[in-house]
Amino acid sequence: MRAKNNNQAYTSSINELFALLHIYTKQRINIQKCNTLLLHFYYIRRCFMRKAVFLDRDGTINVEKNYIYDVEDWEWIPDSIKAIKILNQKGFLVFVITNQSGVARGLYSESHVITLHEFINRELERQGAKIDEFYYCPHHPDFTGECDCRKPKTGMVMNAQEKYNLNLKKSYVIGDKLCDIKTGISAGATPILVRTGYGENTLLHIKKSKDMFMSQTVVVAKSLYEATKTIVNGGLG
Ligand SMILES: [Mg+2]
Ligand SMILES: [Zn+2]
């Protein structure tokens, strides 16, 4: 908790310095010096950037059951908790990014989503693991119009990037659907497709589509736990 707060404080103070320097630069006060300073700060900021793993929720962490909002329906995919704990221990920030169009469809409310996420973190905490933050998109274009956060759009990733000063090139997006993989690619992170949930279908779809870029870019893992082992041991990206 403390480390996270320190990191946020550091990020905001550096951001403030940037804003000041930009003002100085615009006012043409010793422009050469300001530009050099800016370069230094960019470098320092990059050094302090954190790496993250963005996890899809349904079909990646838990068994896919279509529009889950009740704690009673929550079922962990084996070793998901272990995987999240490993990522925590290896210094990754761990985020959930989940499309929850059930809210837009009126199937459940945002408070259901929040309650479920609190439950997940309580379960994780009991085993010494945690999700650093949950991001969800409650929209659907047919019901609420377009938004910036519904995957494959990168809104949720970018919100985390801004708040936590993330190095997306050293980060991963793990999920079971094409939208997860596309989000990872668009954000400049390494996408990993898990074969749980809709993963097998997604893999079949990628193979059939003969999309060379997609099939060469996507890393495939049996499960979240296997994906985690690949990240930690294989040095992906
Ligand atoms: Mg999914
Ligand atoms: Zn959205």
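Up top you'll find the structure we're talking about.
I will try to describe carefully the structure that is included in this document. Keep in mind the model is a prediction, meaning the values are calculated, not measured.

Notes on the overall build of the protein chain
Here is step 1 of the chain: When its secondary structure is counted, the protein chain shows eleven helices and six strands.
Here is step 2 of the chain: Out of the 237 residues belonging to the protein chain, those deemed buried represent 34%.
Here is step 3 of the chain: In the protein chain, the share of contacts with a sequence separation of at least 24, taken over all contacts with a separation of at least 6, comes to 66%.

Some remarks on helix 3 (residues 80-89)
Here is step 1 of the chain: Burial in helix 3 covers these residues: Ser80, Ile81, Ala83, Ile84 and Leu87. Viewed end-on, helix 3 has its buried residues packed into an arc of 160 degrees, placing them on one side of the element.
Here is step 2 of the chain: On its buried face, helix 3 sits against strand 1 (52-55), strand 2 (93-99), helix 5 (110-125) and helix 11 (224-234).
Here is step 3 of the chain: Directly after helix 3, the chain includes Gly91, whose backbone phi takes a positive value near 90 degrees.

Details of the pairing of strand 1
For a regular strand, side chains alternate in direction, first toward one face of the sheet and then toward the other.
Here is step 1 of the chain: Neither face of strand 1 is open: one carries Ala52 and Phe54, the other Val53 and Leu55, and all of them are buried.
Here is step 2 of the chain: Here strand 1 pairs with strand 2 via four bridges, running parallel. Bridge assignment links Phe54 to a residue of strand 2, and that residue is Phe95.
Here is step 3 of the chain: Since strand 1 and strand 2 lie parallel, the crossover through helix 3 that links them has a hand, and here it is right-handed.

Let's talk about the nonpolar core
Here is step 1 of the chain: Grouped together as the largest cluster of nonpolar side chains are 46 residues, with contacts concentrated most on Val53, Phe54, Val94, Phe95 and Ile174.
Here is step 2 of the chain: Ranked by residue count, the leading element in this core is strand 2, at five residues.
Here is step 3 of the chain: If near-sequence neighbours (up to four positions away) are discounted, Val53 is found in contact with Leu87, Phe92, Val94, Ser171, Tyr172 and Ile174.

Topic: the environment of Val63
Here is step 1 of the chain: With respect to the element layout, Val63 can be found in the loop between strand 1 and helix 3.
Here is step 2 of the chain: Residue classification places Val63 among the partly exposed positions, given that 16 C-beta atoms sit within 10 Å.
Here is step 3 of the chain: A sequence separation of 13 residues divides Val63 from Trp76, and the C-alpha atoms of the two residues are 6.2 Å apart.
Here is step 4 of the chain: Other than its neighbours up to four places away in sequence, Val63 contacts Glu75 and Ile77.

Here's the deal with the environment of Thr217
Here is step 1 of the chain: When you line up the elements, Thr217 lands in helix 10 (residues 212-217).
Here is step 2 of the chain: Classification of Thr217 by C-beta neighbours within 10 Å gives partly exposed; the count is 14.
Here is step 3 of the chain: Residues Thr217 and Thr190 lie 27 residues apart in sequence; the distance between their C-alpha atoms is 8.1 Å.
Here is step 4 of the chain: Excluding residues that lie within four positions of it along the chain, Thr217 makes contacts with Ile185 and Pro191.

Re the sheet that holds strand 1
Here is step 1 of the chain: Spatially, six strands are ordered 3-2-1-4-5-6 in an open sheet, and the strand pairing comes out parallel. The sheet is open, and its two edges are formed by strand 3 (133-137) and strand 6 (219-221), each paired on a single side. Direction aside, the axes of adjacent strands within the sheet are offset by 25 degrees on average.

What to know about the pairing of strand 5 (residues 190-194)
Here is step 1 of the chain: With respect to burial, strand 5 is a largely interior element, five of its five residues being buried.
Here is step 2 of the chain: By the alternation rule, side chains of strand 5 split into Thr190, Ile192 and Val194 and Pro191 and Leu193, which are all buried.
Here is step 3 of the chain: Two strands pair when backbone bridges link them, and strand 4 (residues 172-175) and strand 5 are joined in this way by four bridges, in the parallel orientation. Its bridge partner lying in strand 5, Gly175 is registered against Leu193.
Here is step 4 of the chain: Traced from strand 4 through helix 8 (residues 178-187) to strand 5, the parallel crossover comes out right-handed.
Here is step 5 of the chain: For strand 5 and strand 6, the ladder comprises three bridges, and the chain directions are parallel. Within strand 6, the position partnered with Val194 by the bridge is Ala221.

Calculation notes
Residues numbered from 1 in each chain as written. Chains lettered and ligands numbered in written order. Predicted model: local features only at pLDDT ≥ 70, side-chain atom pairs only at ≥ 80, totals over all residues. Helix = DSSP H or I, 4+ residues; strand = E, 2+ residues; numbered from the N terminus. Buried ≥ 20, exposed ≤ 12 C-beta atoms within 10 Å, placed from the backbone. Contact = placed C-beta atoms within 7 Å. Arc of directions from axis to C-beta. Pairing = 2+ DSSP bridges. Right-handed = clockwise from strand over helix to strand, strands pointing away. Core = buried A, V, L, I, M, F, W, Y, C linked by C-beta atoms within 7 Å. Axes fitted to C-alpha atoms, helices over the stretch in contact; angles between N-to-C directions.

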